[in-house]
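Now for the letters of each chain:
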2 protein chains.
Amino acid sequence: MNEAKKINIALLGLGTVGTGVYKVLKMQEEEIPRKVGAELAVKKILVRDLKKAALKVDDPSVLTNDWKEILDDESIEIVVEVMGGMEPARTYMMEALAAGKNVVTANKDLMAESGRELFDMAEQSQKDLLFEAAVAGGIPIISPLKQSLAGNHLTEIIGIVNGTTNFILTKMTSEGMEFNEALSLATELGYAEADPTADVEGLDAGRKMAIMASIAFNSRVTFRDVYTEGITRITATDIRYAKEMGCDIKLLGVARNTQEGIEVRVHPMLIPSTHPLASVNDSFNAVFVHGDAVDDAMFYGRGAGEMPTASAVVGDIFEIARNIRFGCNGRISCTCYKELPIKKMEEIESRYFIRMQVEDRYGVLASIASVFGNNCVSIARIVQKEKKNDAAELVVITDKVRERHLNDSLTIFKGMSMVKEIPAVIRVY
Amino acid sequence: MNEAKKINIALLGLGTVGTGVYKVLKMQEEEIPRKVGAELAVKKILVRDLKKAALKVDDPSVLTNDWKEILDDESIEIVVEVMGGMEPARTYMMEALAAGKNVVTANKDLMAESGRELFDMAEQSQKDLLFEAAVAGGIPIISPLKQSLAGNHLTEIIGIVNGTTNFILTKMTSEGMEFNEALSLATELGYAEADPTADVEGLDAGRKMAIMASIAFNSRVTFRDVYTEGITRITATDIRYAKEMGCDIKLLGVARNTQEGIEVRVHPMLIPSTHPLASVNDSFNAVFVHGDAVDDAMFYGRGAGEMPTASAVVGDIFEIARNIRFGCNGRISCTCYKELPIKKMEEIESRYFIRMQVEDRYGVLASIASVFGNNCVSIARIVQKEKKNDAAELVVITDKVRERHLNDSLTIFKGMSMVKEIPAVIRVY
């Protein structure tokens, strides 16, 4: 153990998260030696625009636009990748690990795609690769899954892991807004990006679920394994009907470790209003975990933002600094020691909420019921709602059914003239 | 790093938690070498009654009633204290640490009273002393506070950290039961002990808050520093009135790091029904944390029980095993490097809910208002509720007021004949 050591850090990027990390390290400056037993110094910051970045730091001499300057500096022991995107972030991280530096990253895209090769490199160099900030921002979840909950066979992870869509659904629920109106508000308030696709289509959540499923089930899951479906087709009407049934609609990431393989998917879902996830509102995130020993647990907090994300990054930096002091970097590396199959989406079982507009005449209900019946779809509940333009609106809740049986029924409905439209097909928790 | 090492463990105690730990280690047996890089073997279990314990284990030869046999066995590297109580648990833990063994404990009483001397001994021997299970059962909270959230100045911790009282209050809320009825039900279902004092008077919660405050604020807080007030005087009427005001009543542990020192207290409190803690029901626990970087975060789960508590203990055992492999035991020891003052309870500021029975005649309201006014208590809201036996029931909600000013007013009311009774004085979040 080296007392009063000084540990040098390099930041790659000085955008929102990078600036947050710089601020938090300054806010903690006085406490750091007592917390981690070493001084931490930001020795270099890699930026594109030196002039613009100079306004954000006390000492502009730490700024550089030359990665080699950081890579070749042997005194830098921790590289903090907060630039985002796939390249050059991936190359820099690989090079840093190969050069024997520890790496912290907030990059979910990269971890969800290239986690394995990064971990292989970290293991080879016996260095730390930490990424708490890559999932659910400031909420400690990666470290609890790898450490405190490691005594469990985790069977299920359900997450609200995208703040933008949760904000939109909250506004649609509490104020009856339609999707487009709520999206505009989210954009106005800075919760949604100019191109909101990755958020509203569930891609961002899908990447986070891939990372969490890998850790929870000890088997590599990549983004390609995740089924994603967004919230663009959810309407205020669906939310209102769901409420009448004691449910809320949330964009949920669901990962399950089943006998037949791992299920990982992101899609809107009806969830009982009494479930702890149902009261996670606005831009908050939460991750619900079930394990054979711990039973149910939930982690809640800010899933994004400059300071919450920086909180997670700095937690990882402290962890690495403690490991450097005690010479035990690499003590927790990749935990994917199994190779479990991924279950096909069509084999997954769910209950369903189906809203359909049908002709308002005798016999229609019977025909619909028989299509469901012929395709092994058992109906739990059916309600006829208000009529519009000679069409009756039906809401059907099914029992648990295989996706492919449901899809078969829907295909048949599409060819039936008495079924005018099926505006909503939403899974039920 | 020693590959394929075998690490020997001793359990002290084979009660509920000890049995749970034994079970979880068996359930994880196959995975442990891949998870922690070493085999874990339960070499000895200290019990009082060898015969009774023999029924609970595969191989009764691991049982002993002689502590020396464990202490003197140099091959035992981890001692797991799950016997509870102050002595001999304290002595055994001190001796184990002094002998160079790592210690895991689920003992909140001991950690809240003797944390400092135990940590001093652990530091001297450079061994691990972990206690995740001592607070909030299976919920990972100690490790997130010490690690993932270490980049924060934490300013507030609010916890529902006693399952028995939360179950009682939930029943009083959802089914209108009175305290005694709900307590009987809790006893019947095994949620309350034969002597429920430690739970219903807030002592158990107080110990957990002392431990969490110490870690969160980096300054030693012991149980003696915690103000505790239980739920025995809460009535179904108070809960109903609270609901009318959009609040729930919970037994909350509150710890705050203020300019004038640390506040730590446990008492019933009205909390807005929209607050994430308000929907923590039945025997579930939750800890809400506020930090300057992470903003709000919450940790939710099972606060007690054989398997959830064992989940936390086994997480700690794995952590120590990883440290043993990498030769870095003691890497995170006591984090109380400050000596902050404890704020006196009478200097604390709260809002209050006060229910009082007063004479039903002109002038009473004015007299009461003037007593409050003369004692610097500002009234936010006053509602006259139903009349009973010629007395009017008043509910007063105050603005933020110092405890001692409120107490001064209450003393004066006690001497006034027009005030017949003050059945409820409850703080408001």
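Keep in mind the model is a prediction, meaning the values are calculated, not measured. (Residues numbered from 1 in each chain as written. Chains lettered and ligands numbered in written order. Predicted model: local features only at pLDDT ≥ 70, side-chain atom pairs only at ≥ 80, totals over all residues. Heavy atoms only, no water.)

A. Looking closely at the overall build of chain A. Along its length, chain A carries 15 helices and 17 strands. Taken against the 2.2 N^0.38 rule, which gives 22 Å for 429 residues, the C-alpha radius of gyration of chain A at 24 Å falls within 12% of a compact globule. For chain A, the spread of C-alpha atoms along the three principal axes comes to 85 × 45 × 35 Å. A burial count over chain A gives 61% of its 429 residues as buried. The long-range fraction of contacts in chain A, counting pairs at least 24 apart against all pairs at least 6 apart in sequence, stands at 73%. By element, 47% of the accessible surface of chain A is carried by carbon and sulfur atoms, the whole surface being about 16,300 Å². (Helix = DSSP H or I, 4+ residues; strand = E, 2+ residues; numbered from the N terminus. Rg over C-alpha atoms; globule rule 2.2 N^0.38 Å. Buried < 20%, exposed > 50% of the residue type's maximum accessible area, 1.4 Å probe, protein only. Contact = heavy atoms within 4.5 Å. Areas by Shrake-Rupley, 256 points an atom, 1.4 Å probe, with all protein chains shown as cover.)

B. Geometry of the relation of the copies chain A and chain B. With an axial shift of 0.0 Å and an RMSD of 0.0 Å, the rotation relating chain A to chain B amounts to 180 degrees. Overall, the copies show the geometry of a two-fold rotation axis. If distances are taken from each C-alpha of chain A to the rotation axis, the shortest is found for Phe299(A), at 2.5 Å. Take the interface residues of chain A: 100% of them recur as interface residues in chain B, which is what a same-surface contact looks like. (Least-squares fit on C-alpha atoms with pLDDT ≥ 70 in both.)

C. Molecular detail of unusual backbone geometry. Residue and element names in this part refer to chain A. The linkage connecting Glu-87 with the following residue, Pro-88, adopts the cis geometry, with an omega of 5 degrees. With respect to the secondary-structure elements, Pro-88 resides in the loop between β4 (76-81) and α5 (89-98). Notably, Asn-218 is not glycine yet its phi reads approximately 55 degrees, a positive angle. If you trace the backbone, Asn-218 turns up in the loop between α11 (203-217) and β8 (227-228). You can call Asn-218 buried: its relative accessible area is 7%. Backbone geometry places Cys-376, a non-glycine residue, at a positive phi of 65 degrees. Assignment of secondary structure puts Cys-376 in the loop between α14 (364-374) and β14 (379-388).

D. Local environment of the domain arrangement of chain A. Residue and element names in this part refer to chain A. Taken domain by domain, chain A holds domain 1 (5-137 + 306-326), domain 2 (142-302) and domain 3 (346-428). Using C-alpha coordinates to define each centre, domain 1 is positioned 28 Å away from domain 2. Contacts between domain 1 and domain 2 engage 16 residues on the former and 19 residues on the latter. Of the roughly 1,500 Å² buried between domain 1 and domain 2, counting both surfaces, carbon and sulfur atoms make up 62%. Between domain 1 and domain 2 we count two salt bridges in total. With a closest N to O distance of 3.0 Å, Arg-224 and Glu-113 form a salt bridge. At the level of elements, α6 (108-125) and α13 (306-326) are the ones that each hand at least two residues to the side of domain 1 that touches domain 2. When residues in the side of domain 1 that touches domain 2 are grouped by element, the largest group, eight residues, is from α6. Its residues placed into classes, the side of domain 1 that touches domain 2 shows eight nonpolar, two polar and six charged. (Domains from an automatic or database assignment. Buried area = accessible area lost by both parts, 1.4 Å probe. Salt bridge = Lys/Arg side-chain N within 4 Å of Asp/Glu carboxyl O. Nonpolar A, V, L, I, M, F, W, Y, C, P; charged D, E, K, R; others polar.)

E. Structural detail: the interface of chain A and chain B. In this assembly, 54 residues from chain A lie in contact with 54 residues from chain B. Both sides together, the interface formed by chain A and chain B hides about 4,700 Å², and carbon and sulfur atoms give 52% of it. The tally of links from chain A across to chain B stands at six salt bridges. Here Glu31(B) makes a salt bridge to Lys338(A), at a shortest N to O gap of 2.8 Å. Put simply, chain A and chain B have 25 residue pairs in polar contact (both at pLDDT 80 or more) between them. Only α1 (16-27), α2 (32-36), α7 (142-146), β12 (295-302) and α13 of chain A provide two or more residues apiece to the side of chain A that touches chain B. Where β12(A) meets strand β12 (residues 295-302) of chain B, five bridges bridge the pair, whose relative direction is antiparallel. Looking at β12(B), one finds that Gly301(A) is bridged to Ala297(B). (Polar contact = N/O pair within 3.5 Å; in protein donor to acceptor, adjacent residues only side chain to side chain. Pairing = 2+ DSSP bridges.)

F. Representation of the UniProt feature "binding site: NADPH" (unreviewed entry) in chain A within the structure. All names here are of chain A. Here the UniProt-annotated "binding site: NADPH" (unreviewed entry) positions come out as Lys-108. Within the secondary structure, Lys-108 sits in helix α6. Once residues lying within four places of it in the same chain are set aside, the contact partners of Lys-108 are Ala-134, Asp-204, Arg-207, Lys-208 and Ile-211. (UniProt positions renumbered as here; feature names shortened; annotations may be inferred.)

G. Quick peek at the side chain of Ser311(A). Position of Ser311(A) relative to the elements: it lies in helix α13. Ignoring any residue separated from it by four or fewer positions in sequence, one finds Ser311(A) in contact with Ser148(B), Leu149(B), Asn152(B), Ala293(B) and Val294(B).

H. A look at the UniProt feature "active site" (unreviewed entry) in chain A. Residues and elements named next belong to chain A. The sites that carry the UniProt feature "active site" (unreviewed entry) are, in the present numbering, Lys-208. As for its placement among the helices and strands, Lys-208 is situated in helix α11. Lys-208 has contacts with Lys-108, Ala-134, Val-135, Ala-136 and Val-161, leaving out every residue within four places of it along the chain.

I. Representation of the pairing of β12(B) within the structure. All names here are of chain B. Judged by how many residues are buried, β12 sits mostly within the fold: six of eight residues are covered. In this structure, strand β11 (residues 284-291) lies alongside β12, joined through eight bridges in antiparallel fashion. Opposite Phe-284, over in β12, you have Arg-302 as the bridge partner. Count of turn residues in the β11/β12 antiparallel hairpin: three residues.

J. Quick look at the sheet that holds strand β2 (residues 38-46) of chain A. Residues and elements named next belong to chain A. Pairing is parallel in the open sheet, where six strands are placed in the order β3-β2-β1-β4-β5-β6. The sheet is open, and its two borders are formed by β3 (63-64) and β6 (129-130), each paired with just one other strand. Bridging between strand β1 (residues 5-12) and β4 involves five bridges; their strand directions are parallel. Within β4, the residue paired with Asn-8 across the bridge is Ile-76. Docked against the sheet, α1 engages β1 and β2, running at close to 160 degrees with respect to β1. Along the sheet, α5 makes contact with β1, β2, β4, β5 (102-105) and β6, crossing β5 at roughly 150 degrees. (Axes fitted to C-alpha atoms, helices over the stretch in contact; angles between N-to-C directions.)

K. Region of interest: the environment of Ile45(A). Residues and elements named next belong to chain A. Relative to the helices and strands, Ile-45 is located in strand β2. Sequence-wise, Ile-45 and Gly-373 are 328 residues apart; in three dimensions their C-alpha atoms are separated by 63 Å. Excluding anything up to four places from it in sequence, Ile-45 contacts Leu-11, Gly-13, Leu-14, Tyr-22, Val-57, Val-62, Leu-63 and Thr-64.

L. Spotlight on the nonpolar core. Within the largest apolar cluster, 166 residues are counted, with the highest numbers of intra-cluster contacts made by Ile141(A), Phe353(A), Ile141(B) and Phe353(B). Ranked by size, the runner-up nonpolar core spans 39 residues in total, among them Ala293(A), Ala38(B), Val42(B) and Leu130(B). (Core = buried A, V, L, I, M, F, W, Y, C linked by side-chain atoms within 4.5 Å.)

M. Focus on the packing of aromatic side chains. Residues and elements named next belong to chain A. Within the structure shown, the criterion is met by 11 aromatic pairs over all chains. Centre to centre, the rings of Trp-67 and Tyr-92 are 4.6 Å apart; their planes meet at 20 degrees, and the pair counts as stacked. In this pair, Trp-67 is assigned in helix α4 (residues 67-71) and Tyr-92 in helix α5, connecting sequence segments 25 residues apart. Among the residues examined, Trp-67 registers a relative accessible area of 6% and is labelled buried. Seen in terms of ring centroids, Phe-284 and Tyr-300 are 4.9 Å apart; in terms of plane orientation they differ by 10 degrees. Their pairing is stacked. Placement of Phe-284 in strand β11 (residues 284-291) and of Tyr-300 in strand β12 is noted, with a sequence separation of 16 residues between them. (Phe/Tyr/Trp six-rings, centres within 6.5 Å; stacked < 30°, edge-to-face > 60°.)

N. Fine view of the packing of helix α14 (residues 364-374) of chain B against helix α15 (residues 403-414) of chain B. Residue and element names in this part refer to chain B. The N-to-C vectors of α14 and α15 enclose an angle of 145 degrees; their axes lie 9 Å apart at closest approach. Crossing geometry of α14 relative to α15 is assigned as right-handed. Listed contacts from α15 to Ile-368, Val-371 and Phe-372 of α14 are Leu-406, Ser-409, Ile-412 and Phe-413. When the residues that make up the contact of α14 with α15 are grouped by side-chain class, the tally is six nonpolar, one polar and no charged. (Left-handed = near helix turned anticlockwise from the far one by under 90°.)

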